Amino acid sequence: MQQWWRDAVLYQVYPRSFADSDGDGVGDLPGITARMDHIRDLGADGIWLTPFHPSPWADGGYDVADFRDVDPLLGNLDDFDALVGSAHERGLRVVIDIVPNHTSEAHPWFRAALAAGPGSPERDRYVFRDGRGTNGDLPPSNWRSTFGGPAWTRVPDGQWYLHFFAPEQPDLNWNDPGVRDEFRDILRFWSRRGVDGFRIDVAYGLVKDLDDPLRDLVLVDGGRNEDIAANPDHPLMDRPGVHEVYRDWRRVLAEFDPPPTTVGEVWLPAERRIRYTRPDELDQTFNFDFLLTPWDADAYRRVIDASIADAAAVGTVPTWVTNNHDLVRRVSLLGLPPGTDLRAWLLADGRDPLPDLDLGARRARALALLALALPGSAYLYQGEELGLPEVADLPPDALEDPRWRRSGHTDKGRDGARVPLPWTPDGPSYGFGEGGSWLPQPEGWGRWSVEAQQGDPDSTLSLYRRALARRGDFAAEPALAWDPDLNRGAVLAFWRGPEALVLVNTGPDPVDLPRGEVMVASTGLDRALPGDGAVWLRRPRA
Ligand code: NOJ
């Protein structure tokens, strides 16, 4: 039997920002259940839920205090079961996040580690070390946290603990057998509750080279760790030993029928990333190379060919990702003038230059038709089906992302992609809930609402619905064939099966449109495919 995930479209739900059932301003699990028809009507095959576990929310829930429960703000385990039941009734799969690299500082294990003191088995579940310098008052190594600042924090008895992310997220020690047992058990716990898969946070982390003396990293840009891509022997990431964890997890998941699927977050160059999807490891990894490809036909041709070949070499399929909760929304990114230094843009307070949102929206619609036409599975992020732009001007006192705090208030972080969804053109929090919303929604947010778009055949929501409905015509076809005549210059042109021709025009000028039945188009067509437009045509392949 074909594994369901091989051509699936997964819709990423960021629970705090999807729908709020109790008016407290925070989205919750009953809110998701109540809005499940939106995901079914969109035509997705399933949802990926980012963390909903008990958490102090120091990093959007990626600081988990109890891996086997639901945060009371978001509901309880009965609500989770109801959500899974409602998804399954509609034929939707449920993938949940698992966060094995670190816990919250509020996790009982970390509290026990602090209480038990140096040298204890409780501390050995984490990475505690004495400091350098005469009184140990310098961190044990120069490693930096990805959110800024040192990767070590000192505790009152003088030891330091490692946190690759925020200080509220102490790293676990994967050399400790108890840590390994715990995660086997967590996988079983949720698999028994009926989940269909796991998205693995920082899947290339976990195992670290912690042999003394700890190896300092080269620091770049005045205080960031060197890029992992530049260091094949990085002490913190992509250690050879991490692969054994996934071989072990595959055996655990094989206890279930069918075994839940796995998709790893692996920010590595493709040749290192694909090792995580060897046949006895994970099923998939997110294809961030595609996500970071600039709006350029040649660049897309290269990344598409490479992604397909890389995945095939290890017996899996590529994933096509165009948005997620960690990146500026695509509509805004694609609207920036060519050559904009993205990092500098992200760091700048006023986000200067402002993106051309009309241009970005046209390109984002075309990109959706590209991503959804490619062989493999696609991951959508809530709100992209509405064409939501990044909210770049959130008031500073509303920002929650630890990157804002840890960067000394220079990096606004990721909250602009996490603003609660608009469901209605107006009303309290635009239909998100009966109360406010934990991040302020900008004025006029309702113009992108589901209600405002659903009757409009030209809306982005209607485009996504049509595309997902028609994708079924060819999704099971394993291959893509570039058209020898049409695929050139700014135009991507490829066939999916004997009858579906996909055209994407990344240039500014219109190009001739071959004859055929228009299955779906990102833009109006007048015998030409306009610049920054895409179309799926049905016509016999010569
Ligand atoms: C990746 C998640 O997507 C991100 O949101 C989080 O901050 C880090 N991992 C740390 O868990």
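Residues numbered from 1 in each chain as written. Predicted model: local features only at pLDDT ≥ 70, side-chain atom pairs only at ≥ 80, totals over all residues. Heavy atoms only, no water.

Asker: Got a sec to walk through the sheet that holds strand β15 (residues 491-496)? Specific residues and values, please.
Answerer: Pairing is antiparallel in the open sheet, where 5 strands are placed in the order β14-β15-β16-β20-β18. Edge strands, defined here as strands with exactly one partner in the open sheet, are β14 (481-482) and β18 (517-521). Across 6 bridges, β15 lies against strand β16 (residues 500-505) in antiparallel orientation. Counterpart to Arg496 in the pairing with β16 is Ala500. On the sheet, helix α12 (residues 357-373) packs against β15, β16, β18 and β20 (533-538) and is oriented at approximately 45 degrees with respect to β20. Running at roughly 130 degrees to β18, helix α15 (residues 460-471) makes contact with β18 and β20 of the sheet. (Pairing = 2+ DSSP bridges. Helix = DSSP H or I, 4+ residues; strand = E, 2+ residues; numbered from the N terminus. Contact = heavy atoms within 4.5 Å. Axes fitted to C-alpha atoms, helices over the stretch in contact; angles between N-to-C directions.)

Asker: So what's going on with the pattern of salt bridges? Residues and values would help.
Answerer: Counted according to the given criterion, the structure contains 43 salt bridges. Where Asp283 meets Arg250, a salt bridge forms, and the shortest distance between an N and an O atom there is 2.7 Å. Here Asp283 is found in the loop between α7 (270-273) and β11 (284-285), whereas its partner Arg250 is found in helix α6 (residues 242-253), with 33 residues between them in sequence. The exposure class assigned to Arg250 is partly exposed, which follows from its relative accessible area of 29%. The partner of Arg538 in a salt bridge is Glu499, and the shortest N-O contact between them spans 2.3 Å. One end of the pair, Arg538, is in strand β20; the other, Glu499, is in the loop between β15 and β16, with 39 residues separating them in the sequence. One salt-bridge network, in which partners are shared between bridges, spans Asp181, Arg184, Glu244, Arg247, Asp248, Arg251, Arg278, Asp280 and Glu281. (Salt bridge = Lys/Arg side-chain N within 4 Å of Asp/Glu carboxyl O. Buried < 20%, exposed > 50% of the residue type's maximum accessible area, 1.4 Å probe, protein only.)

Asker: Give me the domain arrangement of the protein: which residues, what numbers.
Answerer: Taken domain by domain, the protein holds domain 1 (4-101 + 177-208 + 261-466), domain 2 (108-162) and domain 3 (479-538). The centre of domain 1, based on its C-alpha atoms, is set 28 Å off from the matching centre of domain 3. Each partner contributes residues to the interface: domain 1 has 22 residues there, and domain 3 has 24 residues. Across the interface of domain 1 and domain 3, roughly 1,800 Å² is buried in total on both sides, 65% from carbon and sulfur atoms. When residues of the side of domain 1 that touches domain 3 are traced back to their parent elements, those giving at least two are α9 (297-313), α12 and α15. Looking at the side of domain 1 that touches domain 3, the element that brings in the most residues is α12, giving 9 residues. (Domains from an automatic or database assignment. Buried area = accessible area lost by both parts, 1.4 Å probe.)

Asker: Please provide a residue-by-residue account of the site of the ligand, values included.
Answerer: The immediate surroundings of the ligand are formed by 13 residues, with Asp59, Asp201, His325, Asp326 and Arg414 found nearest. One of the side-chain N or O atoms of Asp201 is found 2.6 Å from an oxygen atom in the ligand. In the environment of the ligand, an oxygen atom lies 2.9 Å from a nitrogen or oxygen atom belonging to the side chain of Arg414. Isolated, the ligand exposes 300 Å² of accessible area, and the fraction of that covered by the protein chains is 97%. In the shell around the ligand, the residues fall into 4 nonpolar, 2 polar and 7 charged. (Near = heavy atom within 4 Å. Polar contact = N/O pair within 3.5 Å; in protein donor to acceptor, adjacent residues only side chain to side chain. Areas by Shrake-Rupley, 256 points an atom, 1.4 Å probe, with all protein chains shown as cover. Nonpolar A, V, L, I, M, F, W, Y, C, P; charged D, E, K, R; others polar.)

Asker: Before we move on, can you summarise the layout of surface pockets with the specific residues and values?
Answerer: Volume-wise, the second largest pocket comes out at about 420 Å³. In terms of lining, the second largest pocket is formed by 17 residues, of which the most central are Thr293, Pro294, Trp295, Leu333 and Leu334. Looking at side-chain class alone, the lining of the second largest pocket contains 10 nonpolar, 4 polar and 3 charged residues. (1 Å grid on protein atoms, 1.4 Å probe; cavity = no way out; pocket = protein on both sides within 12 Å on 5 of 7 lines; lining within 4 Å. Points joined across faces, edges and corners; volume = space filled by probe spheres on them.)

Asker: Break down the sheet that holds strand β12 (residues 319-321) for me, citing the residues and quoting the values.
Answerer: If you trace the 8 strands from one edge of the open sheet to the other, you get β11-β10-β7-β3-β2-β1-β13-β12, paired in parallel fashion. Looking at which strands have only one partner, the edges of the open sheet turn out to be β11 and β12. With 4 bridges connecting them, strand β2 (residues 46-49) and strand β3 (residues 93-98) associate as parallel partners. Paired with Leu49 across the strands is Ile96, a residue of β3. Packing of helix α5 (residues 177-192) onto the sheet brings it into contact with β3 and β7 (197-200), and relative to β3 it is tilted by some 155 degrees.

Asker: I'd like a rundown of helix α3 (residues 77-89), residues and numbers included.
Answerer: End to end, α3 covers 18 Å across 13 residues, agreeing with the expected 18 Å (1.5 Å per residue, within 8%). What α3 keeps buried is the set Leu77, Phe80, Leu83, Val84, Ser86 and Ala87. Lining the buried residues of α3 we find α1 (29-34), α2 (36-42), β2, β3 and α5. Two or three places before Asp78, at the start of α3, stands the capping residue Asn76, its side-chain oxygen 3.0 Å from that residue's backbone nitrogen. Backbone geometry just downstream of α3 places Gly91 in the positive-phi region, at approximately 75 degrees. (Expected span 1.5 Å × (residues − 1).)

Asker: How would you sum up the environment of Arg199? Please name residues and give values.
Answerer: Note on placement: Arg199 falls in strand β7. In this structure Arg199 comes out as buried when scored by relative accessible area, which is 2%. Taking the C-alpha atoms as reference, Arg199 lies 31 Å from Leu336; in sequence the two are 137 residues apart. With residues near it in sequence (within four places) discarded, Arg199 still touches Trp48, Tyr62, Val95, Ile96, Asp97, Ile98, Val263, Glu265, Phe286 and His325. At 2.8 Å, the side chain of Arg199 and the side chain of Asp97 are in polar contact.

Asker: Hey, could you go over the nonpolar core for me, with residue numbers and the actual values?
Answerer: If you look at the biggest cluster of nonpolar residues, it comprises 149 residues, and the most contacted ones within it are Phe80, Trp190, Tyr246, Phe290, Leu370 and Trp536. Sort the elements by how many residues they give to this core and α12 lands first, with 9 residues. Counting residues in hydrophobic clusters, the runner-up holds 11 residues, among them Val491, Ala493, Leu529 and Val535. (Core = buried A, V, L, I, M, F, W, Y, C linked by side-chain atoms within 4.5 Å.)

Asker: I'd love a proper account of the packing of aromatic side chains, names of residues and values included.
Answerer: Scanning the model with the defined rule gives 28 aromatic pairs in all. Pairing Trp143 with Trp152 gives two aromatic rings, centres 5.8 Å apart and planes at 25 degrees, and the pair type is stacked. Both residues of the pair, Trp143 and Trp152, count as buried. Seen in terms of ring centroids, Phe286 and Tyr379 are 5.0 Å apart; in terms of plane orientation they differ by 85 degrees. Their pairing is edge-to-face. Residue Phe286 is found in the loop between β11 and α8 (288-291), and its partner Tyr379 is found in strand β13 (residues 377-381); the two are separated by 93 residues along the sequence. Site record: aromatic cluster; members linked through ring pairs are Phe67, Trp174, Phe183, Tyr246, Trp249 and Tyr276. Here the guanidinium or amino end of Arg16 rests over the ring plane of Trp438, the centre of that ring lying 3.8 Å away. Geometry around Trp448 places Arg447 over its ring, the cationic atom sitting 4.3 Å from the centre. (Phe/Tyr/Trp six-rings, centres within 6.5 Å; stacked < 30°, edge-to-face > 60°. Lys NZ or Arg CZ within 6 Å of the ring centre and 35° of its normal.)

Asker: So what's going on with the pairing of β15? Residues and values would help.
Answerer: Burial runs high along β15: 6 of the 6 residues are buried. Side-chain alternation along β15 places Val491, Ala493 and Trp495 on one buried face and Leu492, Phe494 and Arg496 on a second face that is also buried. In this structure, β14 lies alongside β15, joined through 2 bridges in antiparallel fashion. Across the sheet, residue Ala481 finds its bridge partner in β15, namely Trp495.

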